[in-house]
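Below are the chains, spelled out letter by letter.
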Amino acid sequence: MSGGPGSVGFVGRPGSVLVLGEALIDLVPVPGEPESLRAQPGGAPANVAAGLARLGRPVAFAGALGTDGFARAIERRLTDAGVDLTHCARPDLPTALAVADPGESGNGYHFHLQDTATFRFPDRAADVSRFGAVYAGGLAAVVDPAAGAVASTARAAARHSLLVVDPNVREDRTIDPGRSLALLRDLCELAHVVKASDEDLLGLWPDSAPDETCRRLAAGGRLVILTRGARGSTAHTPSGPPVSVPAVPVEVVNTIGAGDAFMAGVLAWLATTGGWERALSPDRAVSMLEFAAQVAASVVTQPGTEPSAPASV
């Protein structure tokens, strides 16, 4: 993939989002029981899809669900939230697992990905013009056979819709770091909107400070959103100065899924009040970040990854 974002012509359902990527099971430590793990539906794209639906936005999930009990739990979670699963593949294979390893600097993961249903879904390039925005990123962007489907669908989305990318860089013994970083860099360069953490950007472009990378990406016509956890977030627009907002001060119970909730908040705000606009004024960029920060705060104050909507947009 190469080239920056071009003009976008919206066709079909302008307020809807197609979310492309993985739905898997997170095994997370049980508070007070360090040797016990709780299974909960996860995967960054699935979290974003569920978050968007719970925020009242029309969203379809284009991933793959297997045939085991974990897949049935994931399906219940998505359908209960209101996610459209029409575009979801159903291979006869088990579900991928991500074993969470929380630490002082964030959550690490150990993955069990091979020979699972999670990454066996087709190219959805033919479907993207029916949606106002297409979200891509996460493990599916770098794990075969899904990586090819993500790349092809993203190229189509860059032409016919608004391509939104969260690289969500992950390291694991089963993932080729050189290839995965190259694929994620390509996605970011192709995107119209990039949301990334400071750690993501340092992993992708280690020779540049995160803010410098944001400025470069934004200069190519992108809306770039940098998240720094408890230190808040910054939006770089194609024109105008960057703006920042602090994180919402809350008592943190759980950080798993906070970044995905923030992403869902950004997409929900853009769909409702921004009309998928990228060249936001400083005031509107602040409003977007504040809304997304409140959505993320609704996740970190409780177990699980289900966000709730702020009182107002």
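Another point: the pairing of strand β10 (residues 223-227). For a regular strand, the rule is simple: side chains alternate between the two faces of the sheet. With five of its five residues buried, β10 lies for the most part within the structure. Side chains of β10 alternate between two faces, with Leu-223, Ile-225 and Thr-227 and Val-224 and Leu-226 buried alike. Pairing of strand β9 (residues 193-197) with β10 involves five bridges; the strand directions are parallel. Across the sheet, residue Val-194 finds its bridge partner in β10, namely Val-224. Here β10 runs beside strand β11 (residues 233-236); their pairing, made up of four bridges, is antiparallel. If you follow Val-224 over to β11, its bridge partner there is His-236.

We now examine the packing of aromatic side chains. According to the stated counting rule, one finds zero aromatic pairs in the structure shown. Here the basic side chain of Arg-216 rests over the ring of Trp-205, its NZ or CZ set 5.1 Å away from the ring centre.

Our focus in this paragraph is the environment of Met-263. Mapped onto the elements, Met-263 comes out in helix α7 (residues 258-274). On the basis of relative accessibility, which here comes to 0%, the residue Met-263 falls in the buried class. On a C-alpha basis, the gap between Met-263 and Ser-239 in space is 22 Å, while along the polypeptide they are 24 residues apart. If we skip the residues at most four places from it in the chain, Met-263 touches Val-48, Tyr-135, Val-164, Asp-166 and Lys-195.

Here the focus is a nonpolar patch on the surface. A grouping of Val-248, Val-250 and Val-252 is seen on the molecular surface, where their side chains present a nonpolar patch of about 200 Å² in accessible area. Assignment of secondary structure puts Val-250 in the loop between β12 (243-245) and α7. We classify Val-250 as partly exposed; its relative accessible area is 32%.

All right, on to empty space enclosed by the protein then. Going through the model one piece at a time under the given rule, you end up with one cavity of 30 Å³ or more. In this structure, the largest cavity encloses a volume near 40 Å³. Every residue lining the largest cavity is listed: Gly-138, Leu-139, Val-142, Pro-167, Asn-168, Arg-170, Ile-175, Ser-180 and Leu-184. When its residues are assigned to classes, the lining of the largest cavity shows five nonpolar, three polar and one charged.

Here helix α3 (residues 146-160) is 15 residues long and its end C-alpha atoms lie 21 Å apart, about the 21 Å a rise of 1.5 Å per residue gives. Turning to α3, its buried residues number three or more, namely Ala-146, Ala-147, Ala-149, Val-150, Ala-151, Ser-152, Thr-153, Ala-154, Ala-156, Ala-157 and Ala-158.

By size, the foremost hydrophobic cluster in this structure holds 55 residues, and its most contacted members are Phe-119, Phe-121, Leu-139, Val-150 and Leu-163. Among residues more than four places away in sequence, those in contact with Leu-139 are Glu-22, Leu-24, Phe-111, Leu-113, Phe-119, Arg-170 and Ile-175. Grouped together as the second largest cluster of nonpolar side chains are 54 residues, Ala-23, Leu-78, Leu-270 and Ala-292 included.

Another aspect to go through is the packing of α3 against helix α4 (residues 177-190). Packed helices, taken two at a time, are described by the angle between their axes plus the distance between the axes. Close contact between α3 and α4 brings their axes to 10 Å; oriented N to C, the two are set at 15°. Regarding the angle of α3 to α4, the classification is roughly parallel. Considering how the two elements wind past one another, α3 and α4 form a crossing that is left-handed. Here α3 contributes Ala-147, Val-150, Ala-154, Arg-155 and Ala-158 to the contact with α4, which in turn contributes Arg-179, Leu-183, Leu-187 and Leu-190. When grouped by side-chain class, the residues that make up the contact of α3 with α4 number seven nonpolar, no polar and two charged.

Turning our eyes to something else, we now look at the confidence of the model for the protein. Close reading of the predicted structure is inappropriate where its pLDDT is low. With 91% of its residues at a pLDDT of at least 70, the protein reaches an overall mean of 89. Per-residue pLDDT, averaged within each element of the protein, yields its smallest value for strand β6 (residues 106-112) (78) and its largest for β11 (98). Predicted confidence for residues 6-12 stays below pLDDT 50, and this span has 20 contacts to residues more than four positions away or in other chains.

On to the pattern of salt bridges, then. Tallied over the full model, the rule gives ten salt bridges. Close ionic contact of Glu-75 with Arg-90 constitutes a salt bridge, the shortest N to O distance being 3.2 Å. Taken together, the residues Glu-75 in helix α2 (residues 69-81) and Arg-90 in the loop between α2 and β5 (97-103) connect sequence positions 15 residues apart. Assessed through its relative accessible area of 27%, Glu-75 is described here as partly exposed. The partner of Arg-124 in a salt bridge is Asp-127, with the nearest N and O atoms 3.8 Å apart. Looking at Arg-124, the relative accessible area reads 17%, which means it is buried.

Looking at the secondary structure, you find Asp-172 in the loop between β8 (162-166) and α4. The class for Asp-172 is buried, based on a relative accessible area of 15%. Among the polar contacts made by the side chain of Asp-172, one reaches the main-chain amide nitrogen of Phe-111 at a distance of 3.2 Å. Apart from the residues lying within four places of it in its own chain, the contact partners of Asp-172 are Tyr-109, His-110 and Phe-111.

About the criteria used
Residue positions within a chain follow its written sequence, with the count starting from 1. In keeping with the model being predicted, local features are shown solely for residues with a pLDDT of at least 70 and side-chain atom pairs are shown and tallied solely at 80 or more, while totals for entire chains, interfaces and linings include all residues. As a convention, hydrogens and water are excluded, and side-chain values are obtained from all of the structure's heavy atoms. Three labels apply to residues, based on accessible area from a 1.4 Å probe with only protein chains included: buried if under 20% of the type maximum, exposed if over 50%, partly exposed otherwise in between. Helical segments are the DSSP runs of H or I of at least four residues, strand segments are the runs of E of at least two, and each set is numbered from the N terminus. Only strands that DSSP links by at least two bridges are regarded as paired with each other. Any Phe, Tyr or Trp ring, taking Trp's six-membered ring, that has another such ring centre within 6.5 Å forms a pair; planes under 30 degrees apart are called stacked, those over 60 apart edge-to-face, and the others tilted. In this analysis the charged atom, NZ for Lys or CZ for Arg, is taken to sit over a ring once it is within 6 Å of the ring centre and within 35 degrees of the ring normal. Here, residues are in contact when the closest pair of their heavy atoms is within 4.5 Å. Patch definition: residues above 30% relative accessible area lacking any salt bridge, with like charges linked at up to 9 Å and the nonpolar side chains Val, Leu, Ile, Met, Phe, Trp and Tyr linked at up to 5 Å. Using a 1.4 Å probe, accessible areas were evaluated by the Shrake-Rupley method; residue-level cover was limited to the displayed protein chains. The term salt bridge refers to a pairing of a side-chain nitrogen on Lys or Arg with a carboxyl oxygen on Asp or Glu at a separation within 4 Å. A pocket here means an open set of points on a 1 Å grid, computed over the protein atoms alone, that has protein on both sides within 12 Å along at least five of seven lines. A cavity is instead a set of points where a 1.4 Å probe fits but cannot get out; residues with an atom within 4 Å of a point line either one. Grid points are joined across faces, edges and corners, and a volume is the space filled by probe spheres set on the points. Lys, Arg, Asp and Glu make up the charged group, whereas Ala, Val, Leu, Ile, Met, Phe, Trp, Tyr, Cys and Pro make up the nonpolar group; the residues left over, Gly among them, are polar. For a helix, the expected span equals 1.5 Å multiplied by the number of residues minus one. Nonpolar core, defined: a set of buried Ala, Val, Leu, Ile, Met, Phe, Trp, Tyr and Cys residues in which side-chain atoms within 4.5 Å join the residues together. Here an angle of 0 to 180 degrees is reported between the N-to-C directions of two axes, which are lines fitted to C-alpha atoms, with helices fitted over the stretch in contact. Throughout this description, any angle smaller than 35 degrees is read as roughly parallel, any larger than 145 degrees as roughly antiparallel, any in the 65 to 115 degree range as roughly perpendicular, and the remainder as oblique. Rotating anticlockwise by less than a right angle from the far helix to the near helix defines a left-handed crossing, while the corresponding clockwise rotation defines a right-handed one. One number per residue, pLDDT, summarises how confident the predictor is, and it ranges from 0 to 100. Polar contacts here mean pairs of N or O atoms no more than 3.5 Å apart (in protein, one a potential hydrogen donor and the other a potential acceptor; neighbouring residues in sequence count only if both atoms are side-chain atoms).

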